[in-house]
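Reading the structure
Residues per chain, in single letters:
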Amino acid sequence: MPLPVRRKILVLAVLVGAALAFVAVAYAGNGGFGPETPHSPNASRINSSYKWIALFTGAIFVIVEGTLLWFVIRYRRRGRARTVEGPQVHGATRLELIWTAIPVLILAAIAGFIFYELPGIKDVPAAKAQGGPLDIRIDAHQFYWQFTYPNGAVSIDEMHVPTHRVVRVDIYSQDVDHSWWIPELGGKFDAIPGRHTHTWFQANETGTYHGRCGEFCGIFHAAMKAQVLAHSLADYQSWVSAKAGPDLGRNEWVGVCAKCHGPQGEGDYGPNITTNGLLVQPAGLHTLLVDGQNRIKPISSYMPPVGRGWTDKQFTALDLYLKRHIYKGSQSGG
Ligand code: HEC
Ligand SMILES: [Cu+2]
């Protein structure tokens, strides 16, 4: 014997609950249902593809859920006994043809659109008028991004670029899989050890574009934030030729070591290193940075090979910074 249900209250509660759930999603801080506003031609093509697909999936959602609701109401029990069977229907050739043909057409429309947009997403524009793309090398490391500019300048976690310039990025990994992703500037590209991937973007206005590593890569994966700072051409040029060099040591400390050893080297996930003589013994330190280390068990105290692929200039800049600002022991090195 089914319990008497206060139907109206139930229906009302479900409707109010559903409405609240949608409101929460619409106001969520992630920008709601849609992707970020694009600021690069490839990103806006990805965005149009998203909208084109959303059009069909949205319509299908409304039709399917609408029909479901309609059937639930139209064919409700109306006091019939629970054991009574409904009419048995066999075959409906015309309906079956329709619901096969329509999805085929939808898939063709989606595939056609994507193939039309793809070259504009994937292919790096020749940018002849600009003298070719600006090439920046990306090295993904546990747990930071390293950017190398055509003049040899290096920055960590922050990429500086001029606006309105095609930037080609060549992506490498020095250890495990990572993934380069600045949503406002285009799609996601994996950094795979032993392989080389590339993508591009062209920032349409000055500003800061945020991204983060899109592939879980270890304990400090969440600290692998990347920022693209788009400047005017003059600001970019003065940064890359004059500012990048003097800031290198500090940026390496902040972007690489401080994430694990604390802002002053006082210790955090990694040990306190302020009085560790290695900080002022370049040769030993370089071996540690290139090989990584895991003396203190368990494996959770692993120091990755964070300096793999570094140039002499990078090591020198770090050595100088450590000596001046971090090392607190006696200068003999203990
Ligand atoms: C992902 C976290 C992480 C990062 C990044 C990191 N370290 Fe470490 N570091 C550790 C851990 C963990 C240990 C302890 C390793 C062990 O088990 O021996 C350590 C150990 C050390 C030691 C002591 C080694 C010894 O044998 O006495 C020094 C010196 C050091 N790190 C310097 C640095 C410097 C300089 C940087 C930046 C270039 C850096 N670390 C970046 C986690 C990190
Ligand atoms: Cu990563």
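For the structure itself, look to the data block above.
A short tour of the structure in this document, coming up. (Residues numbered from 1 in each chain as written. Chains lettered and ligands numbered in written order. Predicted model: local features only at pLDDT ≥ 70, side-chain atom pairs only at ≥ 80, totals over all residues. Heavy atoms only, no water.)

Another aspect to go through is the coordination of the iron atom of ligand 1. Those donors, His261 (NE2) and Met303 (SD), are the protein atoms that reach the iron atom of ligand 1, and they lie 2.0 to 2.1 Å from it. In this structure, the iron atom of ligand 1 is coordinated by six donor atoms arranged in octahedral fashion, with angles at the metal of 86 to 179°. In this pair, His261 is assigned in helix H4 (residues 233-261) and Met303 in the loop between helix H5 (282-291) and helix H6 (312-326), connecting sequence segments 42 residues apart. (Donors = N, O, S within 2.8 Å, 3.2 Å for Na, K, Ca; no water. Tetrahedral: all angles 85-135°; square planar, octahedral: opposite > 155°, others 65-115°. Helix = DSSP H or I, 4+ residues; strand = E, 2+ residues; numbered from the N terminus.)

So, on to the side chain of Glu184. In this structure, Glu184 sits in the loop between strand S6 (178-180) and strand S7 (189-191). No salt bridge is formed by the buried Glu184. Its closest oppositely charged neighbour is Arg212, at 11 Å. With sequence-adjacent residues up to four places away left out, Glu184 is seen in contact with Glu36, Thr37, Pro38, His39, Ser40, Ala43, Tyr209 and His210. (Buried < 20%, exposed > 50% of the residue type's maximum accessible area, 1.4 Å probe, protein only. Lys, Arg positive; Asp, Glu negative; His and termini not counted. Salt bridge = Lys/Arg side-chain N within 4 Å of Asp/Glu carboxyl O. Contact = heavy atoms within 4.5 Å.)

With that out of the way, let us pick up the coordination of the copper ion (ligand 2). In this structure, His178 (ND1), Cys213 (SG), Cys217 (SG) and Met224 (SD) serve as the protein donors to the copper ion (ligand 2), at separations of 2.1 to 2.3 Å. Of note, the donors binding the copper ion (ligand 2) are all from one chain and are spaced H-x34-C-x3-C-x6-M. You can see Cys213 sitting in the loop between strand S9 (207-212) and strand S10 (225-231) and its partner Met224 sitting in the loop between S9 and S10, a full eleven residues away along the chain. As far as the burial class goes, Cys213 and Met224 line up, both buried.

Time to look at the site of ligand 1. Taken together, 24 residues sit near ligand 1, with Cys257, Cys260, His261, Gln293 and Met303 positioned nearest. Residue Asn276 places a side-chain N or O atom 2.9 Å away from an oxygen atom belonging to ligand 1. Within the contact set of ligand 1, an oxygen atom lies 2.9 Å away from a backbone nitrogen or oxygen of Ser301. Elements that contribute at least two residues to the shell around ligand 1 include exactly H4 and H5. (Near = heavy atom within 4 Å. Polar contact = N/O pair within 3.5 Å; in protein donor to acceptor, adjacent residues only side chain to side chain.)

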